[in-house]
Amino acid sequence: MTTVHSNVPSRRSSPYSTGGIAEAEIDQSTRVPVMFFVGTALLWLLISTLLGLITSLKVHWPQFLDGIEWLTYGRVRGAFMTAFLYGWASSAAFAVGLWLMARLSQNRLIFGPLLLLAGTFWNIGVIAGVGGVLLGESTGFLALEMPAFAGPLLLVAYAFVGAWCVFTFYGRQYQTTYAAQWYLLAAFFWFPWVFSIAQVMLVFAPVRGTVQSVVNAWYAANFFLLWLTPIALAAIYYFLPKILGRPIRYYYLAVIGFWCFAVIAPWAGVARLTSGPVPAWVSSAGIVAMTMMLVPVAIIAINFFSSFGAVAGTRKTTTLAFIRVAAVVFVALFLVGALLAYRTFQEVIQFTHVNTAMWMLGVYAFFSMAVFGTLYFLLPRLFMRGWASPTLTAIHFWCSLVGVLLIVLSLAVGGWIQGVQINNPEVAFVDGVRATLPWLVGATLGWIILLIAHVAFVWNVVALVVSRAVSAESQAILQANPPAMKVRGQTT
Amino acid sequence: MKNGLVIVGGAFLALTFSWSVLIFFNANHSLYGRLAPIEDEMNGEFVPAPTAGLAERGREVYVQMGCVACHTQQVRRPGFGADADRGWGDRQSVARDYVGHAKVQLGDVRIGPDLRAVGEREVPEEWSHLDWDAYHHLHLYNPRSLVPGSVMPSFPFLYERRRIVGEGSPRALPLEMDDGYEIVPSRRADALVAYLRSLRLDYALPEAEHLTVEARQQQNEQE
């Protein structure tokens with residue numbers, strides 16, 4: 001049994017396959033907390049898909065569930081954001097982050113079951129957040145809608161997860177670290193930092209006037225750029241070489257990519273404040289940063305894409321399919337994002353559905369796809385049995401891909417029309433709204449397809465968990481880690 | 001990289017740098033984060049005027065209902081977009097306009113129109129027989145009764161439906177109901193409408209003088 005996920009020189013010369021802890025043992029040490037976080041994340045995924053579908057319906061069909069206070073559009077939208085970002089995305093990031101960190105550090109996750117406490121607190125926090133928003137306790141800040149009492153709960157719960165991740169890293173078998181570990185470590189450090197800054201400066205001791213808007217834009221963007229993005233990048237850096245059986249090419253560039261990312265990304269979020277009542281240099285700095293992001297993105301793209309190439313049949317796994325989508329979307333997202341940040345485009349799209357399209361592209365087509373890919377690899381190894389149904393897997397993959405593309409494209413076109421109409425004072429506002437409706441219906445169709453995808457996925461996971469029999473076929477899948485890769489003629 | 005401290009330390013420095021410039025510096029800048037209302041030399045009053053009590057409670061209703069999910073409260077400068085041409089405000093909104101706002105609701109999507117200066121806007125001509133408050137109460141109660149094709153949610157739960165006693169309430173909405181009931185705004189509805197009415201940009205600020213429609217026209221003529 002060999003571990004193949006790195007092409008760091010010292011690892012190749014290290015007695016890797018004999019000295020380390022068996023992968024199966026590491027996987028089992030993470031089993032309890034990872035199962036818990038995956039389980040709750042999937043519940044939140046279903047809930048947020050329903051909430052997302054309701055918000056999407058309400059935008060073009062206002063009579064739908066109209067006149068009910070807790071289901072009014074503004075509240076459902078806030079509840080959707082909270083459930084998706086903190087319920088689904090963050091719980092999934094915990095599961096993926098903890099497991100990846102244990103594997104990459106060749107270290108058991110100690111006292112894993114204690115993390116159930118953290119997981120329970122986290123979920124109480126998210127329930128309080130979503131419930132609070134629906135009951136009218138929203139803070140009114142984007143991506144931080146949860147009421148004041150939910151924030152500290154989440155932070156305390158998070159502290160455990162973050163600490164466990166760091167401990168696991170510090171007890172690592174080999175001094176040399178791998179790119180995925182840098183991103184994981186940074187993400188687990190950045191998240192509590194940006195979250196507590198936003199909580200303090202917006203909720204507990206609010207700053208004055210539109211400085212709040214700067215903090216909010218900074219936080220909402222950094223939640224994606226410094227928390228979800230590095231987790232997904234770590235997963236891609238881990239799986240590409242592991243599954244393809246060949247090292248990341250031009251790996252020596254990865255360290256430059258990481259530091260460019262770390263230095264530039266925290267500035268990129270404020271670009272959206274263009275022409276707003278904030279100092280003009282703030283949004284200018286954001287626009288420059290969005291363009292400069294192309295440097296780390298290009299480096300990461302070189303790492304990823306040069307590893308793609310032809311793939312042998314046995315290596316074409318579901319995980320690879322999802323991870324590849326995530327890698328392609330990652331690059332597309334920042335290319336388009338850098339372009340759209342310029343004021344010429346902002347004049348049209350600044351306040352339109354295009355923002356939502358970009359958001360879905362980032363948190364779903366990039367981050368969530370990377371998480372799905374990880375789960376297809378991870379869950380069979382945690383439960384020691386194979387996936388029940390290749391059909392459900394195929395439904396999940398294709399429906400999530402088609403669904404999110406339909407949403408993104410519909411909202412992008414609809415949003416562009418919306419922006420053009422709003423900028424034409426000859427057109428009555430309500431007529432501009434009317435012109436976007438067919439596209440918003442398209443987005444709703446996309447949400448329905450996503451719902452199908454998620455039901456198929458959860459069904460598949462439940463089938464995997466409850467199935468007693470371990471088929472010979474799935475046994476074979478389990479036993480076979482991807483075939484060992486050849487590094488410069490030497491088999492590891 | 002072999003040392004975790006280098007990664008964590010570097011990540012910390014990178015984020016702190018961005019925070020200290022974009023947020024800490026701005027929050028403590030005398031011309032931005034520490035702005036205060038200024039005295040209008042013409043009449044000696046301070047602008048922007050502080051929000052009255054009822055309107056301040058209306059702001060909370062605005063936040064609770066999540067109005068920010070569809071409405072911005074920021075007017076872009078004349079010439080950038082069509083905000084001024086749509087009558088959303090005669091000048092760009094600037095930082096000082098928001099110093100009294102407890103929770104700044106700039107917003108980032110316009111599924112509905114901008115509301116930064118909705119308090120100045122007049123009732124549409126075909127409804128000019130309604131006064132400002134009545135128009136907005138009716139609109140909140142049932143947007144599509146006034147604006148066909150609107151996608152705004154209706155807020156009937158902010159209104160009480162009650163049996164008419166005697167001559168009925170003077171505050172009842174001007175709706176023709178033949179079942180002996182009337183629709184009366186609740187405290188929350190009154191507060192929300194008072195808040196909307198308080199959203200104005202009809203005062204001059206020195207830093208916004210070059211951001212008005214007039215200044216833009218002069219600039220165009222010179223060109």
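So, how was this worked out
Residues numbered from 1 in each chain as written. Chains lettered and ligands numbered in written order. Predicted model: local features only at pLDDT ≥ 70, side-chain atom pairs only at ≥ 80, totals over all residues. Heavy atoms only, no water. Helix = DSSP H or I, 4+ residues; strand = E, 2+ residues; numbered from the N terminus. Buried < 20%, exposed > 50% of the residue type's maximum accessible area, 1.4 Å probe, protein only. Contact = heavy atoms within 4.5 Å. Areas by Shrake-Rupley, 256 points an atom, 1.4 Å probe, with all protein chains shown as cover. Lys, Arg positive; Asp, Glu negative; His and termini not counted. Charge placed at Lys NZ, Arg CZ, Asp CG, Glu CD. Salt bridge = Lys/Arg side-chain N within 4 Å of Asp/Glu carboxyl O. Polar contact = N/O pair within 3.5 Å; in protein donor to acceptor, adjacent residues only side chain to side chain. Nonpolar A, V, L, I, M, F, W, Y, C, P; charged D, E, K, R; others polar. Phe/Tyr/Trp six-rings, centres within 6.5 Å; stacked < 30°, edge-to-face > 60°. pLDDT = per-residue confidence, 0-100. Axes fitted to C-alpha atoms, helices over the stretch in contact; angles between N-to-C directions. Parallel < 35°, antiparallel > 145°, perpendicular 65-115°, else oblique. Left-handed = near helix turned anticlockwise from the far one by under 90°. Core = buried A, V, L, I, M, F, W, Y, C linked by side-chain atoms within 4.5 Å. Expected span 1.5 Å × (residues − 1). Bend = angle between axes of the 7 residues up to and from the residue. Patch = residues over 30% accessible without salt bridge, like charges linked within 9 Å, V, L, I, M, F, W, Y side chains within 5 Å. Pairing = 2+ DSSP bridges.

With that settled, the discussion passes to the overall build of chain A. Across its full length, chain A carries 18 helices and two strands. Overall size of chain A, expressed as C-alpha extent along the three principal axes, is 70 × 45 × 45 Å. A total of 492 residues make up chain A; the buried ones form 64% of that total. Sequence separation of at least 24 residues holds for 84% of the intrachain contacts in chain A that already meet a minimum separation of 6. Summing over all exposed atoms, chain A offers an accessible surface of approximately 16400 Å²; the carbon and sulfur share of this is 73%. Each charge class in chain A can be summarised by its mean position, and for the 24 positive and 11 negative side chains these summaries are 18 Å apart.

The interface of chain B with chain A comprises 78 residues on the first partner and 84 residues on the second. We note a salt bridge from Arg272 of chain A to Asp108 of chain B, for which the minimum N-O separation is 2.8 Å. Remark: the boundary between chain B and chain A carries 28 residue pairs in polar contact (both at pLDDT 80 or more). For the side of chain B that touches chain A, the secondary structure elements donating two or more residues are α1 (4-27) and α2 (53-64) of chain B. If one sorts the elements of the side of chain B that touches chain A by residue count, α1 of chain B sits on top with 20 residues. The residue inventory of the side of chain B that touches chain A, partitioned by class, reads 46 nonpolar, 21 polar and 11 charged.

So, on to the packing of aromatic side chains. Per the counting criterion, the structure on display carries 62 aromatic pairs over all chains. Their ring planes at 90 degrees and their centres at 5.0 Å tell us that Tyr183 of chain A and Phe258 of chain A sit as a pair that is edge-to-face. Taken as a pair, Tyr183 of chain A in helix α8 (residues 179-204) and Phe258 of chain A in helix α10 (residues 254-268) lie far apart in primary sequence, 75 residues in all. Classification of Tyr183 of chain A by relative accessible area gives buried; the value is 0%. An angle of 25 degrees between the planes, with centres 5.9 Å apart, marks the rings of Trp193 of chain A and Phe12 of chain B as stacked.

Attention now goes to the pattern of salt bridges. Residues and elements named next belong to chain B. Using the criterion set out here, one finds 21 salt bridges over all chains in the structure. Residues Arg197 and Asp133 are paired through a salt bridge, measuring 3.4 Å at the closest nitrogen-oxygen approach. Of this pair, Arg197 sits in helix α5 (residues 187-198) while Asp133 sits in helix α3 (residues 132-141), and the two are 64 residues apart along the sequence. Here Arg197 falls in the partly exposed class, since its relative accessible area comes to 38%.

The predicted coordinates of low-pLDDT regions are not to be read in fine detail. In this model, chain A carries a mean pLDDT of 90, and residues with pLDDT of at least 70 account for 91%. Under a pLDDT of 50 for its full length, residues 1-19 of chain A has, in the predicted model, 50 contacts with residues more than four places off or in other chains.

Closest axis-to-axis distance for the α10 of chain A/α1 of chain B pair is 8 Å, and the angle between their directions is 25 degrees. Taken together, the axis directions place α10 of chain A and α1 of chain B in an arrangement best described as roughly parallel. In this structure, α10 of chain A crosses over α1 of chain B, and the sense of that crossing is right-handed. Contact with α10 of chain A, carried on its side by Phe258, Trp259, Ala262, Val263, Pro266 and Trp267 of chain A, involves Val6, Ile7, Gly10, Ala11, Ala14, Leu15, Phe17, Ser18, Val21 and Leu22 of chain B of α1 of chain B and no other residues of that element. Taken together, the residues of the contact of α10 of chain A with α1 of chain B break down into 14 nonpolar, two polar and no charged.

Glancing now at the nonpolar core. Residues Tyr86, Trp88, Trp227 and Tyr237 of chain A are the most contacted members of the largest nonpolar core, which totals 194 residues. Those residues in contact with Trp227 of chain A that sit more than four places away from it in its chain are Ser90, Ala93, Phe94, Tyr158, Ala187, Phe188, Phe191 and Asn222 of chain A. Core analysis: the next-biggest nonpolar cluster, separate from the first, contains 29 residues, Val123, Trp132, Phe157 and Ala189 of chain B among them.

To continue, consider the environment of Tyr158 of chain A. All names here are of chain A. Mapped onto the elements of the fold, Tyr158 is located in helix α7 (residues 150-170). Looking at Tyr158, the relative accessible area reads 2%, which means it is buried. Tyr158 sits 34 residues away from Pro192 along the chain, and the two C-alpha atoms are 7.4 Å apart. When residues no more than four places from it in sequence are discounted, the contact partners of Tyr158 are Phe94, Trp122, Phe188, Phe189, Phe191, Pro192 and Trp227.

All right, on to α1 of chain B then. Residues and elements named next belong to chain B. Between its first and last C-alpha atoms α1 spans 32 Å; for 24 residues at 1.5 Å apiece the expected length is 34 Å, and the two agree. Where α1 bends most, at Ser20, the angle is about 40 degrees. Structurally, the start of α1 carries an N-cap: the backbone nitrogen of Leu5 is 2.9 Å from a side-chain oxygen of Asn3.

So, on to the confidence of the model for chain B. Residues and elements named next belong to chain B. When pLDDT is averaged along chain B, the result is 93; 100% of the residues meet or exceed 70. Within chain B, helix α6 (residues 213-222) has the poorest average pLDDT of any element, 88, and α5 the best, 97. Taken together, the chains of this predicted complex give a pTM of 0.93 and an interface ipTM of 0.95.

With that settled, the discussion passes to unusual backbone geometry. With omega at -10 degrees, the peptide bond leading from Val47 of chain B into Pro48 of chain B counts as cis. Mapped onto the elements, Pro48 of chain B comes out in the loop between β2 (46-47) and α2. Of note in the backbone geometry, Gln106 of chain A takes a positive phi value of approximately 50 degrees without being a glycine. Inspection of the secondary structure assignment puts Gln106 of chain A in the loop between α5 (73-104) and α6 (115-134).

Another aspect to go through is a nonpolar patch on the surface. All names here are of chain A. Taken together, Ile395, Val441, Leu445, Ile448 and Ile452 make up a surface patch of nonpolar side chains, about 380 Å² in accessible area. If you tally residues by element for the nonpolar patch, the top one is helix α17 (residues 429-466), at four residues. By the element assignment, Ile448 lies in helix α17.

The geometry of a pair of packed helices is captured by two quantities: the angle between their axes and the separation between those axes. Residues and elements named next belong to chain B. Where α2 meets α5, the axes come as close as 7 Å, and the angle between the chain directions of the two elements is 100 degrees. Taken together, the axes of α2 and α5 are roughly perpendicular relative to one another. In this structure, α2 uses Leu54, Ala55, Arg57, Gly58, Arg59, Val61, Tyr62 and Gln64 to contact α5, whose residues at the interface are Arg187, Arg188, Asp190, Ala191, Leu192, Ala194, Tyr195, Leu196 and Ser198. A class-by-class count of the residues in the contact of α2 with α5 yields nine nonpolar, three polar and five charged.

The next thing to look at is the pairing of strand β4 (residues 181-185) of chain B. Residue and element names in this part refer to chain B. Among the five residues that make up β4, four are buried, leaving the element largely enclosed by the rest of the structure. Where strand β3 (residues 159-163) meets β4, five bridges bridge the pair, whose relative direction is antiparallel. Opposite Arg161, over in β4, you have Ile183 as the bridge partner.

As a further point, take the side chain of Thr139 of chain A. With respect to the element layout, Thr139 of chain A can be found in the loop between α6 and α7. Note on Thr139 of chain A: relative accessible area 4%, which makes it buried. Not counting the four nearest positions on each side in its chain, Thr139 of chain A is found in contact with Leu144, Glu145, Met146, Pro147, Ala148 and Val203 of chain A together with Val63, Lys103 and Gln105 of chain B.

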